[in-house]
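Close look at the chain arrangement
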Amino acid sequence: MAHYEKAKELLYTHVNVETNIKKSKDFTSDFLLHSKHLDESTIPDKRRLTFTGYLKAIDPISHSVILCQIERETRSINNILILGRNICDIHQSTSDPDQDYLSKEDVANYCDNYVSSLNNHPYFCKPSTSLTSQELIESQTRIVSWLKKYRIPIELDEKSQELVVAECVRIKPPYKHESDFICPTRVVLKRIKNIVDMSLSQEIPE
(Lines give C-alpha, C1' and ligand atoms only; values in the text may rest on other atoms or scores of the structure.)
Protein backbone atom coordinates (compact mmCIF):
# COMPACT_ATOMS: atom_id res chain seq x y z
CA MET A 1 0.00 0.00 0.00
CA ALA A 2 1.28 3.43 -0.99
CA HIS A 3 0.99 4.96 2.47
CA TYR A 4 3.34 2.46 4.16
CA GLU A 5 6.68 3.99 3.17
CA LYS A 6 5.43 7.47 4.02
CA ALA A 7 4.14 6.27 7.39
CA LYS A 8 7.54 4.82 8.35
CA GLU A 9 9.07 8.29 7.96
CA LEU A 10 6.33 9.85 10.11
CA LEU A 11 6.54 7.43 13.05
CA TYR A 12 6.01 9.23 16.40
CA THR A 13 4.92 12.48 14.72
CA HIS A 14 1.44 14.00 14.78
CA VAL A 15 -0.35 12.97 11.60
CA ASN A 16 -3.67 13.08 9.79
CA VAL A 17 -4.89 9.78 8.37
CA GLU A 18 -7.35 10.06 5.49
CA THR A 19 -9.56 7.00 5.09
CA ASN A 20 -12.17 5.56 2.75
CA ILE A 21 -14.63 5.24 5.65
CA LYS A 22 -17.85 7.15 5.02
CA LYS A 23 -18.93 9.71 7.58
CA SER A 24 -21.82 8.76 9.82
CA LYS A 25 -23.85 10.83 12.27
CA ASP A 26 -23.78 7.92 14.70
CA PHE A 27 -19.99 7.62 14.81
CA THR A 28 -17.92 9.76 17.16
CA SER A 29 -14.27 9.57 18.18
CA ASP A 30 -11.77 11.78 19.95
CA PHE A 31 -9.44 11.01 17.05
CA LEU A 32 -11.64 12.55 14.36
CA LEU A 33 -10.26 15.68 12.72
CA HIS A 34 -13.00 18.30 12.84
CA SER A 35 -13.93 20.16 9.68
CA LYS A 36 -12.88 23.52 11.13
CA HIS A 37 -9.28 22.25 11.18
CA LEU A 38 -9.31 20.89 7.64
CA ASP A 39 -7.73 22.50 4.64
CA GLU A 40 -10.53 21.49 2.31
CA SER A 41 -8.36 21.92 -0.77
CA THR A 42 -6.17 19.01 0.37
CA ILE A 43 -8.97 16.58 1.21
CA PRO A 44 -9.86 14.34 -1.76
CA ASP A 45 -13.31 13.44 -0.44
CA LYS A 46 -14.95 15.42 2.37
CA ARG A 47 -17.51 12.65 2.84
CA ARG A 48 -14.80 10.38 4.30
CA LEU A 49 -13.37 10.31 7.82
CA THR A 50 -9.98 11.78 8.66
CA PHE A 51 -8.33 10.77 11.94
CA THR A 52 -5.59 12.65 13.77
CA GLY A 53 -3.08 11.69 16.45
CA TYR A 54 0.50 10.62 17.07
CA LEU A 55 1.57 7.75 14.81
CA LYS A 56 2.50 5.13 17.38
CA ALA A 57 3.05 2.01 15.26
CA ILE A 58 2.73 0.51 11.79
CA ASP A 59 1.99 -3.12 11.05
CA PRO A 60 4.52 -4.21 8.37
CA ILE A 61 2.15 -6.91 7.11
CA SER A 62 -1.31 -5.33 6.88
CA HIS A 63 0.01 -1.72 6.87
CA SER A 64 -2.53 -0.90 9.56
CA VAL A 65 -1.55 1.93 11.91
CA ILE A 66 -2.02 2.81 15.56
CA LEU A 67 -2.68 6.43 16.44
CA CYS A 68 -2.37 7.55 20.05
CA GLN A 69 -3.30 10.51 22.19
CA ILE A 70 -1.04 11.24 25.15
CA GLU A 71 -2.20 12.77 28.42
CA ARG A 72 0.95 14.49 29.66
CA GLU A 73 -0.02 14.87 33.31
CA THR A 74 -1.16 11.29 33.87
CA ARG A 75 1.13 9.82 31.17
CA SER A 76 -1.82 7.76 29.97
CA ILE A 77 -2.11 6.77 26.32
CA ASN A 78 -5.32 6.34 24.35
CA ASN A 79 -5.07 4.32 21.12
CA ILE A 80 -7.05 3.73 17.96
CA LEU A 81 -6.38 1.12 15.26
CA ILE A 82 -6.98 2.03 11.61
CA LEU A 83 -6.87 -0.89 9.21
CA GLY A 84 -4.50 -0.62 6.28
CA ARG A 85 -7.22 -1.35 3.75
CA ASN A 86 -9.13 1.73 4.96
CA ILE A 87 -6.21 4.17 4.66
CA CYS A 88 -6.01 6.46 1.64
CA ASP A 89 -3.18 8.74 2.75
CA ILE A 90 -1.09 9.80 5.75
CA HIS A 91 0.55 13.18 6.16
CA GLN A 92 2.01 15.25 8.98
CA SER A 93 -0.44 17.49 10.81
CA THR A 94 -0.31 21.14 9.80
CA SER A 95 -3.96 21.96 10.37
CA ASP A 96 -3.58 23.53 13.81
CA PRO A 97 -0.39 25.62 14.06
CA ASP A 98 -1.27 26.70 17.61
CA GLN A 99 -1.29 23.11 18.84
CA ASP A 100 1.62 22.31 21.16
CA TYR A 101 2.72 19.05 19.55
CA LEU A 102 5.18 16.78 21.32
CA SER A 103 8.51 16.06 19.64
CA LYS A 104 9.21 12.66 18.06
CA GLU A 105 11.63 11.90 20.89
CA ASP A 106 9.05 12.71 23.57
CA VAL A 107 6.38 10.58 21.90
CA ALA A 108 8.82 7.68 21.53
CA ASN A 109 9.74 7.97 25.21
CA TYR A 110 6.11 8.03 26.30
CA CYS A 111 5.37 4.92 24.22
CA ASP A 112 8.51 3.08 25.37
CA ASN A 113 7.79 3.83 29.03
CA TYR A 114 4.21 2.68 28.59
CA VAL A 115 5.32 -0.61 27.01
CA SER A 116 7.91 -1.10 29.75
CA SER A 117 5.22 -0.70 32.39
CA LEU A 118 3.19 -3.41 30.64
CA ASN A 119 6.17 -5.73 30.26
CA ASN A 120 6.88 -5.41 33.99
CA HIS A 121 3.34 -6.37 34.85
CA PRO A 122 3.10 -9.95 36.23
CA TYR A 123 0.50 -10.83 33.60
CA PHE A 124 2.98 -10.32 30.76
CA CYS A 125 6.20 -11.47 32.42
CA LYS A 126 7.30 -15.05 31.94
CA PRO A 127 10.57 -16.60 33.02
CA SER A 128 13.19 -16.54 30.27
CA THR A 129 14.95 -19.73 29.32
CA SER A 130 18.61 -19.38 28.37
CA LEU A 131 19.76 -20.96 25.12
CA THR A 132 23.03 -22.61 24.26
CA SER A 133 25.08 -20.97 21.50
CA GLN A 134 23.93 -23.62 19.04
CA GLU A 135 20.27 -23.27 20.01
CA LEU A 136 20.55 -19.49 19.70
CA ILE A 137 21.93 -19.73 16.15
CA GLU A 138 19.30 -22.28 15.15
CA SER A 139 16.47 -20.11 16.47
CA GLN A 140 17.83 -17.02 14.75
CA THR A 141 18.20 -18.90 11.46
CA ARG A 142 14.65 -20.21 11.61
CA ILE A 143 13.09 -16.85 12.44
CA VAL A 144 15.11 -14.88 9.88
CA SER A 145 14.42 -17.42 7.11
CA TRP A 146 10.72 -17.53 7.87
CA LEU A 147 10.22 -13.76 7.96
CA LYS A 148 12.25 -13.29 4.78
CA LYS A 149 9.94 -15.82 3.13
CA TYR A 150 7.11 -13.38 3.82
CA ARG A 151 9.29 -10.42 2.76
CA ILE A 152 9.26 -8.89 6.22
CA PRO A 153 12.46 -6.90 6.92
CA ILE A 154 14.51 -8.39 9.76
CA GLU A 155 18.01 -7.75 11.07
CA LEU A 156 20.17 -9.20 13.83
CA ASP A 157 21.71 -6.90 16.42
CA GLU A 158 25.04 -8.69 16.88
CA LYS A 159 25.77 -6.99 20.19
CA SER A 160 22.52 -7.81 21.99
CA GLN A 161 21.52 -10.82 19.83
CA GLU A 162 18.12 -9.18 19.46
CA LEU A 163 16.18 -9.52 16.23
CA VAL A 164 14.83 -6.25 14.81
CA VAL A 165 11.71 -6.66 12.67
CA ALA A 166 10.69 -3.88 10.26
CA GLU A 167 12.43 -1.33 12.51
CA CYS A 168 9.52 -1.45 14.96
CA VAL A 169 9.77 -4.75 16.88
CA ARG A 170 12.74 -6.01 18.90
CA ILE A 171 12.85 -9.65 19.99
CA LYS A 172 15.15 -10.77 22.79
CA PRO A 173 16.46 -14.33 23.19
CA PRO A 174 15.02 -16.93 23.59
CA TYR A 175 12.44 -15.38 21.20
CA LYS A 176 9.59 -17.42 22.70
CA HIS A 177 7.76 -15.48 25.39
CA GLU A 178 5.62 -12.42 24.97
CA SER A 179 7.95 -10.61 27.37
CA ASP A 180 10.78 -11.20 24.84
CA PHE A 181 9.01 -8.94 22.32
CA ILE A 182 9.36 -5.17 22.56
CA CYS A 183 6.93 -3.12 20.48
CA PRO A 184 4.93 0.12 20.97
CA THR A 185 1.65 -1.69 20.39
CA ARG A 186 0.32 -5.12 21.26
CA VAL A 187 -1.51 -5.45 17.93
CA VAL A 188 1.76 -5.51 15.98
CA LEU A 189 3.51 -7.45 18.75
CA LYS A 190 0.99 -10.29 18.66
CA ARG A 191 1.03 -10.47 14.86
CA ILE A 192 4.82 -10.75 14.72
CA LYS A 193 4.88 -13.20 17.64
CA ASN A 194 2.45 -15.48 15.81
CA ILE A 195 4.78 -15.59 12.81
CA VAL A 196 7.84 -16.19 15.01
CA ASP A 197 6.04 -18.99 16.87
CA MET A 198 5.21 -20.58 13.53
CA SER A 199 8.83 -20.33 12.39
CA LEU A 200 10.09 -22.11 15.51
CA SER A 201 7.56 -24.92 15.22
CA GLN A 202 7.96 -25.75 11.52
CA GLU A 203 10.67 -26.54 9.01
CA ILE A 204 12.84 -23.72 7.70
CA PRO A 205 11.40 -22.59 4.34
CA GLU A 206 13.62 -22.92 1.30
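Sequence order as written defines the numbering, with residues in each chain counted from 1. Given that the model is predicted, a residue must reach a pLDDT of at least 70 before its local features are reported, and side-chain atom pairs must reach 80 or more before they are shown or counted; all residues, however, enter totals for whole chains, interfaces and linings. The side-chain values count all of the structure's non-hydrogen atoms but skip hydrogen atoms and water molecules.

As recorded by an unreviewed UniProt entry, the protein chain carries the name AD domain-containing protein and is attributed to Aceria tosichella.

1. Comments concerning the nonpolar core
Put simply, the rule is: Buried Ala, Val, Leu, Ile, Met, Phe, Trp, Tyr and Cys residues that are joined via side-chain atoms within 4.5 Å together make up what is termed a nonpolar core. For each residue, the accessible area found with a 1.4 Å probe, counting protein chains only, is set against the maximum for its type, and the residue is called buried under 20%, exposed over 50%, and partly exposed in between. We count a stretch as a helix when DSSP gives it H or I for four or more residues in a row; a strand needs E for two or more, and each element gets its number in order from the N terminus. Marked domain ranges trace back to an automatic or database domain assignment. Throughout, a contact is declared for two residues whenever any of their heavy atoms are within 4.5 Å.
Ranked by internal contacts, the top residues of the largest apolar core, which has 50 residues, are Leu55, Leu67, Val165, Val169 and Ile171. Ranked by the residues each element gives to this core, the list is headed by strand β2 (residues 48-58), at 6 residues. Residue assignment places this core across two domains, with domain 1 (1-119) and domain 2 (133-201) each supplying three or more. If sequence neighbours within four positions are ignored, Val165 has contacts with Leu147, Ile152, Pro153, Ile154, Ile171 and Ile192.

2. Observations regarding helix α3 (residues 133-149)
Here is the rule: Here the expected span of a helix is defined as 1.5 Å times the quantity of residues minus one. Directions pointing from the helix axis toward each C-beta atom define the arc.
With 17 residues, α3 should reach 24 Å at 1.5 Å per residue; the first-to-last C-alpha distance of 24 Å fits that figure. Turning to α3, its buried residues are Leu136, Ser139, Gln140, Ile143, Trp146 and Leu147. All buried residues of α3 fall inside an arc of 145 degrees around its axis, so they share one side. Away from the buried face of α3 by more than 90 degrees, exposed residues Ser133 and Lys148 are located. Among the structural elements, β6 (154-157), β7 (162-165) and α4 (186-201) are those in contact with the buried residues of α3. Of the residues one or two after α3, Arg151 is the one with positive phi, at around 60 degrees.

3. Concerning the pattern of salt bridges
The line we're drawing: Every case where a carboxyl oxygen of Asp or Glu lies within 4 Å of a side-chain nitrogen of Lys or Arg is listed as a salt bridge.
By the definition in use, this model includes 6 salt bridges. Among the salt bridges present, the one from Asp157 reaches Arg170, with a minimum N-O distance of 2.8 Å. Taken together, the positions of Asp157 in strand β6 and Arg170 in strand β8 (residues 169-171) put the pair 13 residues apart, joining distant regions of the chain. Across the pair Glu162 and Arg170 runs a salt bridge whose closest N-O atoms are separated by 2.6 Å. A relative accessible area of 30% means that Arg170 is categorised as partly exposed. Each of the salt bridges in this network shares a partner with another, and the network as a whole consists of Asp157, Glu162 and Arg170.

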